[in-house]
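Listed below are the residues making up each chain.
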Amino acid sequence: MQDTIGKVAGEIWHYLEKNGEATVSKLIREIDGSERLTLMGIGWLAREENLAFEKRNRGIYLTLKPGTDKT
């Protein structure tokens, strides 16, 4: 299971690297994985301090922190 979560975390990292910020909802739609796996991948990256979070209006926006290494 950890391999699967790590793979999804890598997909999120690449998506944010390529596209810049995204909402949690957008990542759930765009990433090849279930909602649950996408949320676990976000948690993985957050635990490694690779993500910045910003609450705006009704959404939570995520970006990669500057200087983060590829997962």
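Residues numbered from 1 in each chain as written. Predicted model: local features only at pLDDT ≥ 70, side-chain atom pairs only at ≥ 80, totals over all residues. Heavy atoms only, no water.

1. Section: helix α1 (residues 2-19)
What sets the pattern is the α-helix's 3.6 residues per turn: residues three or four places apart point alike. The terminal C-alpha atoms of α1 lie 25 Å apart, and with 18 residues this matches the ideal 26 Å at 1.5 Å per residue to within 8%. When we look at burial in α1, the residues that qualify are Ile 5, Gly 6, Val 8, Ala 9, Gly 10, Ile 12, Trp 13, Tyr 15 and Leu 16. At the exit of α1 stands Gly 20, carrying a positive phi of roughly 80 degrees. (Helix = DSSP H or I, 4+ residues; strand = E, 2+ residues; numbered from the N terminus. Expected span 1.5 Å × (residues − 1). Buried < 20%, exposed > 50% of the residue type's maximum accessible area, 1.4 Å probe, protein only.)

2. Some points on the packing of aromatic side chains
Tallied over the full model, the rule gives 0 aromatic pairs. Residue placement shows Arg 56 over the ring face of Tyr 61; its charged tip is 4.0 Å from the ring centre. (Phe/Tyr/Trp six-rings, centres within 6.5 Å; stacked < 30°, edge-to-face > 60°. Lys NZ or Arg CZ within 6 Å of the ring centre and 35° of its normal.)

3. Quick word on the side chain of Thr 38
Following the sequence through the fold, Thr 38 ends up in helix α3 (residues 35-47). Take Thr 38: its relative accessible area is 0%, and that puts it in the buried class. Setting aside chain neighbours within four positions, we find Thr 38 in contact with Val 8, Ile 12, Leu 27, Ile 28, Ile 31 and Gly 33. (Contact = heavy atoms within 4.5 Å.)

4. Focus: the sheet that holds strand β2 (residues 51-56)
The antiparallel open sheet is built from 3 strands, whose spatial order is β1-β3-β2. This sheet does not close on itself; its edge strands, each paired only once, are β1 (22-23) and β2. Here α1 sits on the sheet in contact with β1, β2 and β3 (59-64), set at roughly 85 degrees to β3. Here α3 sits on the sheet and contacts β2 and β3; the angle it forms with β2, its principal contact strand, is near 115 degrees. (Pairing = 2+ DSSP bridges. Axes fitted to C-alpha atoms, helices over the stretch in contact; angles between N-to-C directions.)

5. Structural notes on the pairing of β3
Bridge count between β1 and β3: 2 bridges; the pairing is antiparallel. Directly across from Thr 23, in β3, lies its bridge partner Tyr 61. For β2 and β3, the ladder comprises 6 bridges, and the chain directions are antiparallel. If you follow Arg 56 over to β3, its bridge partner there is Gly 59. Connecting β2 to the antiparallel partner β3 that follows it, the hairpin turn spans 2 residues, and Asn 57 within it adopts a positive phi of roughly 50 degrees.

6. Re the packing of α1 against α3
Between α1 and α3, the shortest axis-to-axis distance is 8 Å and the interhelical angle comes to 75 degrees. It follows that α1 is roughly perpendicular to α3 by the angle criterion. Side by side, α1 and α3 meet where Gln 2, Thr 4, Ile 5, Gly 6, Val 8, Ala 9, Ile 12 and Trp 13 of the first sit next to Leu 37, Thr 38, Met 40, Gly 41, Ile 42, Trp 44 and Leu 45 of the second. Among the residues making up the contact of α1 with α3, the classes are represented as 10 nonpolar, 5 polar and no charged. (Parallel < 35°, antiparallel > 145°, perpendicular 65-115°, else oblique. Nonpolar A, V, L, I, M, F, W, Y, C, P; charged D, E, K, R; others polar.)

This is a description of form; function is not addressed.
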